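Structural characterization, general
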Amino acid sequence: MGAGTRGEERRAEILRAAFEVIAERGYRAASLGAIAERVGLTQQGLLHYFPTKEALLIAVLGERDQWDAMPDSQWRLDLLTSLVDYNAMRPTVIQTFSALLGESVTEDHPAREFFTRRYEAVRETMAALLRAEYGDRLPGGLTPEQVAPLVTAVMDGLQYQWLLAPDEVDMPQAFRDFITLLAGVTVTRDG
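Described below are features of the structure shown in this document.

Moving on to the overall build of the chain. Scanning the chain from N- to C-terminus turns up nine helices and zero strands. Counting from the amino terminus, helix and strand elements in the chain follow one another as α-α-α-α-α-α-α-α-α. The burial tally for the chain puts 41% of its 191 residues in the buried class. Long-range pairs, those at least 24 residues apart, make up 61% of the contacts in the chain between residues at least 6 apart in sequence.

Printed below as a string of C-alpha cells:
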C-alpha cells in the first residue's frame, strides 16, 4: 500500500471521527484532541493532516456534500424524496450537519460562509428542479423561485424534528406529504 493511499485512508478516518465528535458535542465543543484520540493519533499528528480546526471543519462539510453530489440538471422531485429516505438511514451525518448549521448562524463561525454559499446554490437547484417539474408556475400559483426556499426549509426543518423525535416524526412520509401538497393533489389517507 502506497504512502498516498495510507494518507487518504487516515484522512477519511479522521473525517469520520470528526463527524462523530461534532455530532455528539457540536463544533465549538469538539476538540482536536478528542478527534485525534478517537483515531489513535496525538493532536500534533492530526494537525499533520488538517493544519487547523477550521480546515478540518471545511473538509467535513465538503465530504458530507460529496455524498449527496449529483449534477444539478439530474435532480428531480422523486430524487429529492429518495434523498430524504437516504438521510433517514444516516442519523449521525444529519445530526452533524444540523449541529453545524445551527451553530453557523453566529457572526464568527467558520462555517457561516460555507452554509451561506451552499443555501444560495441549493435554492437555485430547487428552483430549476421545480421549473422542470411544473413550468413557470406551481399549482398554487407561486413561481419556482418563491417555492424553492420553502422546499429547503421543509427538508431541513423535518430533519430537526426527526432528530428530536424519531419515533414521532416520519421524515420520509412527511416530505412525501409536502410534495403532494405542492402538486395540489387531493389525497385521502387512512389513519
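Membership of the largest hydrophobic core comes to 30 residues, with the highest contact counts inside it found for I14, I35, L46, L56, L61, L100 and F115. Among the secondary structure elements, those contributing two or more residues to this core are α1 (3-25), α2 (32-38), α4 (53-67), α6 (91-103) and α7 (112-134). No other element matches the seven residues that α1 contributes to this core. Residues contacting I14, with those up to four places away along its chain left out, are I35, V39, L41, L46, Y49, F50 and L56. Counting residues in hydrophobic clusters, the runner-up holds 24 residues, among them V84, L138, V147 and V169.

Throughout the structure, instances matching the rule amount to eight salt bridges. Between R131 and E145 there is a salt bridge; the shortest N-O distance is 2.7 Å. Taken as a pair, R131 in helix α7 and E145 in helix α8 (residues 144-164) lie far apart in primary sequence, 14 residues in all. Classification of E145 by relative accessible area gives partly exposed; the value is 43%. What emerges from the salt-bridge pattern is a single network uniting E20, E24 and R38.

Close contact between α8 and helix α9 (residues 171-183) brings their axes to 10 Å; oriented N to C, the two are set at 160°. The angle between α8 and α9 places the two elements in the roughly antiparallel class. Where α8 crosses over α9, the two elements pack in a sense that is right-handed. On the side of α8, the interface is formed by V147, L150, V151, V154, M155, L158, Q159 and W162, while α9 contributes M171, A174, F175, F178 and L182. Taken together, the residues of the contact of α8 with α9 break down into twelve nonpolar, one polar and no charged.

Now for α9. The periodicity of an α-helix, 3.6 residues per turn, causes residues three or four positions apart to be oriented the same way. With 13 residues, α9 extends 19 Å between its outermost C-alpha atoms, agreeing within 8% with the 18 Å of an ideal straight helix rising 1.5 Å per residue. Of all the residues in α9, the buried ones are M171, P172, F175, F178, I179 and L182. For α9, the angular spread of buried residues about the axis comes to 120°, placing them on one side. Of the surrounding elements, those touching the buried residues of α9 are α5 (77-88), α7 and α8. If you check the start of α9, you find a side-chain oxygen 3.2 Å away from the backbone N of Q173, and it comes from D170.

A few words on the packing of aromatic side chains. Using the criterion set out here, one finds three aromatic pairs in the structure. Here F97 and F115 contribute two aromatic rings whose centre-to-centre distance is 5.4 Å and whose plane-to-plane angle is 70°, an arrangement assigned as edge-to-face. Here the residue F97 occupies a position in helix α6, and F115 occupies one in helix α7, the gap between them amounting to 18 residues. The residues F97 and F115 share a single accessibility class, namely buried. Seen in terms of ring centroids, F114 and F115 are 5.4 Å apart; in terms of plane orientation they differ by 90°. Their pairing is edge-to-face. Note on F115: relative accessible area 3%, which makes it buried.

Attention now moves to α6. Between its terminal C-alpha atoms α6 stretches 18 Å, which fits the 18 Å expected from 13 residues at 1.5 Å a residue. Along α6, the residues that are buried comprise V93, I94, T96, F97, S98, L100, L101 and E103.

Thresholds applied
Residues numbered from 1 in each chain as written. Predicted model: local features only at pLDDT ≥ 70, side-chain atom pairs only at ≥ 80, totals over all residues. Heavy atoms only, no water. Helix = DSSP H or I, 4+ residues; strand = E, 2+ residues; numbered from the N terminus. Buried < 20%, exposed > 50% of the residue type's maximum accessible area, 1.4 Å probe, protein only. Contact = heavy atoms within 4.5 Å. Core = buried A, V, L, I, M, F, W, Y, C linked by side-chain atoms within 4.5 Å. Salt bridge = Lys/Arg side-chain N within 4 Å of Asp/Glu carboxyl O. Axes fitted to C-alpha atoms, helices over the stretch in contact; angles between N-to-C directions. Parallel < 35°, antiparallel > 145°, perpendicular 65-115°, else oblique. Left-handed = near helix turned anticlockwise from the far one by under 90°. Nonpolar A, V, L, I, M, F, W, Y, C, P; charged D, E, K, R; others polar. Expected span 1.5 Å × (residues − 1). Arc of directions from axis to C-beta. Polar contact = N/O pair within 3.5 Å; in protein donor to acceptor, adjacent residues only side chain to side chain. Phe/Tyr/Trp six-rings, centres within 6.5 Å; stacked < 30°, edge-to-face > 60°.

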